[in-house]
Each structure stands twice: as C-alpha cells, then as structure tokens.
Amino acid sequence: MSKVQWLKLWLCVGMLFAFLSGGTMSWLLNQVLRPVEALPSTVESSDEFVNRFVEEIGLDGEQAVRLESIVQEWKKERLELEQRYRPEFTSLNERFQVRIEEILTPDQLDLYEGGR
C-alpha cells in the first residue's frame, strides 16, 4: 500500500472514530443527565413513569405496589373516557378536514394529501 492509500485509510478510520465517539458521548450524557430531570407534571402512559417515580422519590415496596395499582386504574379510566369521546373528536376532525380541503387548489390539495 502506498503512503497516500494509508493516509486515506487512517483519515477514514479517524472520521469513523470521531462519528462514533460523538454518538457515544451523546448517549452517555443522556444517561447521566436524565435522572436530573424533574418528573413530568402528568402521568405518562408507560411503566417508565412508575419506575422513575419509585426510584427518584424513593418509594418502599408497599408504596410502589400501591402506585402501580393507581396508575393501572388511571390507564383503564383514561381508555374508557377516550373511547367514549372518540366519535365526537373523529367527527370534529373530519368536518375541519373537509373545510380545509375546500379552500385548496388542486395542486395544493395534492401536496396536502401527500403530506398526510
């Protein structure tokens, strides 16, 4: 291999290393800094909320079980409420969809429908 080829190879390896180290540092900082974030003001719909709450607030085993029960009940009630009002929201969205489409030219409508 010539010196130029070696130089090209090492430049490629260096660039790859720089790219990977930047991604690694980003991931590492996210893992380190994330616990510093405040808990969300609303209950998240995933188990991550319960795990973070237990860890960051310092709940004992009994409190964690009770929190899990509360969150499961919230999920159930939220789903029931969503199902009850979904038809109204769907109807509202469809009405406004039609109104928006009415003001568009054929070219704009193609762009709009392509973006949905």
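The numbers attached to residues start from 1 for each chain and follow its sequence in the written order. This being a predicted model, a pLDDT of at least 70 is required before a residue's local features are given, and a value of 80 or more before pairs of side-chain atoms are given or counted; all residues contribute to the totals for chains, interfaces and linings. Think of the side-chain values as coming from all heavy atoms in the structure, minus any hydrogens and water.

Caption draft 1: Seen up close, the overall build of the chain. By definition, any uninterrupted DSSP run of H or I lasting at least four residues is a helix, any uninterrupted run of E lasting at least two residues is a strand, and each is numbered from the N terminus. Assigned secondary structure in the chain consists of four helices and zero strands. Helices (α) and strands (β) of the chain occur, in sequence order from the N terminus, as α-α-α-α. Any pair of residues with heavy atoms lying within 4.5 Å of one another is described as a contacting pair. Within the chain, contacts between residues separated by at least 24 positions form 20% of all contacts whose residues are at least 6 apart in sequence. For the accessible areas, the method is Shrake-Rupley and the probe is 1.4 Å, while residue cover comes only from the protein chains on display. Summing over all exposed atoms, the chain offers an accessible surface of approximately 10,100 Å²; the carbon and sulfur share of this is 62%.

Caption draft 2: Geometry of the pattern of salt bridges. Counted as salt bridges are all cases of a side-chain nitrogen of Lys or Arg within 4 Å of a carboxyl oxygen of Asp or Glu. Enumeration according to the criterion identifies four salt bridges in this entry. Between Arg 52 and Glu 56 there is a salt bridge, and its shortest N-O distance comes to 3.2 Å. Taken together, the residues span about one helical turn, with Arg 52 and Glu 56 both in helix H2 (residues 47–58) at a distance of four residues. Arg 52 gets classed as buried once you look at its relative accessible area, which sits at 12%. Residue burial is assigned from relative accessible area. The probe radius is 1.4 Å, only protein chains are included, and a residue is buried under 20% of its type maximum, exposed over 50%, and partly exposed in between.

Caption draft 3: Seen up close, a nonpolar patch on the surface. Patches here are clusters of residues that have more than 30% relative accessible area and form no salt bridge, with a 9 Å joining cutoff for like charges and a 5 Å cutoff for nonpolar side chains (Val, Leu, Ile, Met, Phe, Trp, Tyr). A cluster of nonpolar side chains, contributed by Met 1, Trp 6, Leu 9, Trp 10 and Val 13, occupies part of the molecular surface with about 570 Å² of accessible area. Note on placement: Met 1 falls in the segment before helix H1 (3–33). Exposure remark for Met 1: the relative accessible area of 67% places this residue in the exposed category.

Caption draft 4: Quick peek at the environment of Val 50. Along the chain, Val 50 turns up in helix H2. Here Val 50 falls in the buried class, since its relative accessible area comes to 6%. Between the alpha carbons of Val 50 and Ala 64 there is a distance of 7.7 Å; along the sequence they are 14 residues apart. The residues touching Val 50, leaving out its near neighbours within four places in the chain, are Leu 67, Glu 68 and Val 71.

Shape is all these values report; function is a separate question.
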